[in-house]
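Each chain, written out:
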Amino acid sequence: MKNVALITGASSGIGKELAKIHAANGGDLVLVARREKELTELKYSLESEYKVQILIIPRDLSDINTPAEIFAETEKQGIQVEFLINNAGFGGHGFFHEREIEKDRAMVNVNITSLMLLTRLYLPGMVERKKGKILNVSSTASFLPGPLQAVYYASKAFVTSFSQALAEELKETGITVTALCPGPVATGFFDTANMNGVKMLKTQKAMTPAKTAAIGYRDMMKGRLLSFDNGLLKFLLNWMVPLLPRRWVLKVSRMTMEK
Ligand SMILES: NC(=O)c1ccc[n+]([C@@H]2O[C@H](COP(=O)([O-])OP(=O)(O)OC[C@H]3O[C@@H](n4cnc5c(N)ncnc54)[C@H](OP(=O)(O)O)[C@@H]3O)[C@@H](O)[C@H]2O)c1
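Residues numbered from 1 in each chain as written. Predicted model: local features only at pLDDT ≥ 70, side-chain atom pairs only at ≥ 80, totals over all residues. Heavy atoms only, no water.

1. Digging into the overall build of the chain
- Looking only at helices and strands, the chain has 10 helices and 7 strands in total.
- A globule of 259 residues ought to have a C-alpha radius of gyration of about 18 Å, and the chain, at 18 Å, matches this closely.
- Seen through its principal axes, the chain has C-alpha atoms that stretch 50 × 40 × 30 Å.
- Pairs at least 24 residues apart make up 70% of the contacts formed inside the chain by residues separated by at least 6 positions.
- With the model as given, the accessible surface of the chain reaches about 12600 Å², and the carbon-plus-sulfur share is 57%.
- Measuring between centres, the 33 positive side-chain charges of the chain sit 7 Å from its 25 negative side-chain charges. (Helix = DSSP H or I, 4+ residues; strand = E, 2+ residues; numbered from the N terminus. Rg over C-alpha atoms; globule rule 2.2 N^0.38 Å. Contact = heavy atoms within 4.5 Å. Areas by Shrake-Rupley, 256 points an atom, 1.4 Å probe, with all protein chains shown as cover. Lys, Arg positive; Asp, Glu negative; His and termini not counted. Charge placed at Lys NZ, Arg CZ, Asp CG, Glu CD.)

See below:
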């Protein structure tokens, strides 16, 4: 396989669109998610349309042993991963003290731990070859705390912080790290997070996953530090929110998540 991108969460939404873009550019793929049927359908459709090679690895990333298993599988098959796209992730609505702790533990494992472990496993090879790009799918949620989605917002704060720190550490190596920070995107994300009916979704227009993926892929190729699909949110979060009183920010953030 050549020009390989490993994409987690490729069975739907932004990850599936990222897979389509990479295949359209002639790159081979390793696709990871739990839903094997969706991954298989995507594999056959992209292989026949773009004449690329695709390996699917159906796995649950909430199991923290999964990243090592994925790495072992690609090593066994002699696959060099040139693009690591950590996209799998999910949210969850509600008061933290009332939510099922197992769901939040799984969220941390998928959104943070698996992302960190996969990065740790694939990065040394990239550094040795002086070639590689990492795209971590974070969120505009990473720029402020999120009452009623406390763990999700905090998990994305990790992703944006971690990605930027690595980008600086790797500056001399030729490896780039980009954090994609989308605003709302019309995917299955809102159903999974039990977010339907929240005020944010009534006031903000969701992007299509195809558009968000195109922006993220372009910015990964350019080696940009941060990638945004929503200019207004980019401006507010970078230039307004840091200057506003914290209690006020928390209040408004909470309001956007209320139903
Ligand atoms: N949609 C938005 O508004 C939005 C905004 C900002 C950031 N994001 C981020 O964008 C990324 C992609 O989400 P999306 O919007 O495209 O939603 P999505 O359509 O629900 O996609 C989520 C993907 O993650 C995978 N995934 C979830 N749990 C997993 C697990 N335990 N093990 C392996 N894979 C798992 C899912 O695959 P399986 O179910 O097949 O396992 C699916 O492919 C996420 O990191 C999300 O936080 C989304």
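2. Describing the packing of helix H3 (residues 66-76) against helix H4 (residues 101-129)
- Closest axis-to-axis distance for the H3/H4 pair is 9 Å, and the angle between their directions is 30°. Here H4 runs roughly parallel to H3, going by the angle between their axes. The two elements H3 and H4 meet at a crossing, and its hand is right-handed. Mapping the contact onto sequence places Pro67, Ala68, Ile70, Phe71 and Thr74 in H3 and Ser114, Leu117, Leu118, Leu121 and Tyr122 in H4. (Axes fitted to C-alpha atoms, helices over the stretch in contact; angles between N-to-C directions. Parallel < 35°, antiparallel > 145°, perpendicular 65-115°, else oblique. Left-handed = near helix turned anticlockwise from the far one by under 90°.)

3. Overview of the environment of Phe228
- Looking at the element boundaries, Phe228 is found in strand S7 (residues 226-228).
- In this structure, the C-alpha to C-alpha distance between Phe228 and Gly183, residues 45 residues apart in sequence, is 7.8 Å.
- When neighbours within four sequence positions are excluded, Phe228 is seen to be in contact with Thr140, Phe143, Cys181, Ile215, Asp219, Lys234 and Asn238.

4. Digging into the site of the ligand
- The immediate surroundings of the ligand are formed by 31 residues, with Ser11, Arg34, Asp60, Tyr152 and Thr187 found nearest.
- Here Ile14 contributes a backbone N or O atom positioned 2.8 Å from an oxygen atom of the ligand.
- In this structure, Arg35 approaches the ligand through a side-chain N or O atom, which is 2.8 Å from an oxygen atom.
- When the ligand sits alone it has 880 Å² of accessible area, and the protein chains cover 95% of it.
- Of all the elements in the fold, those that place two or more residues in the shell around the ligand are helix H1 (13-24), helix H5 (150-169) and helix H6 (189-192).
- Tallied by class, the residues present in the shell around the ligand amount to 14 nonpolar, 12 polar and 5 charged. (Near = heavy atom within 4 Å. Polar contact = N/O pair within 3.5 Å; in protein donor to acceptor, adjacent residues only side chain to side chain. Nonpolar A, V, L, I, M, F, W, Y, C, P; charged D, E, K, R; others polar.)

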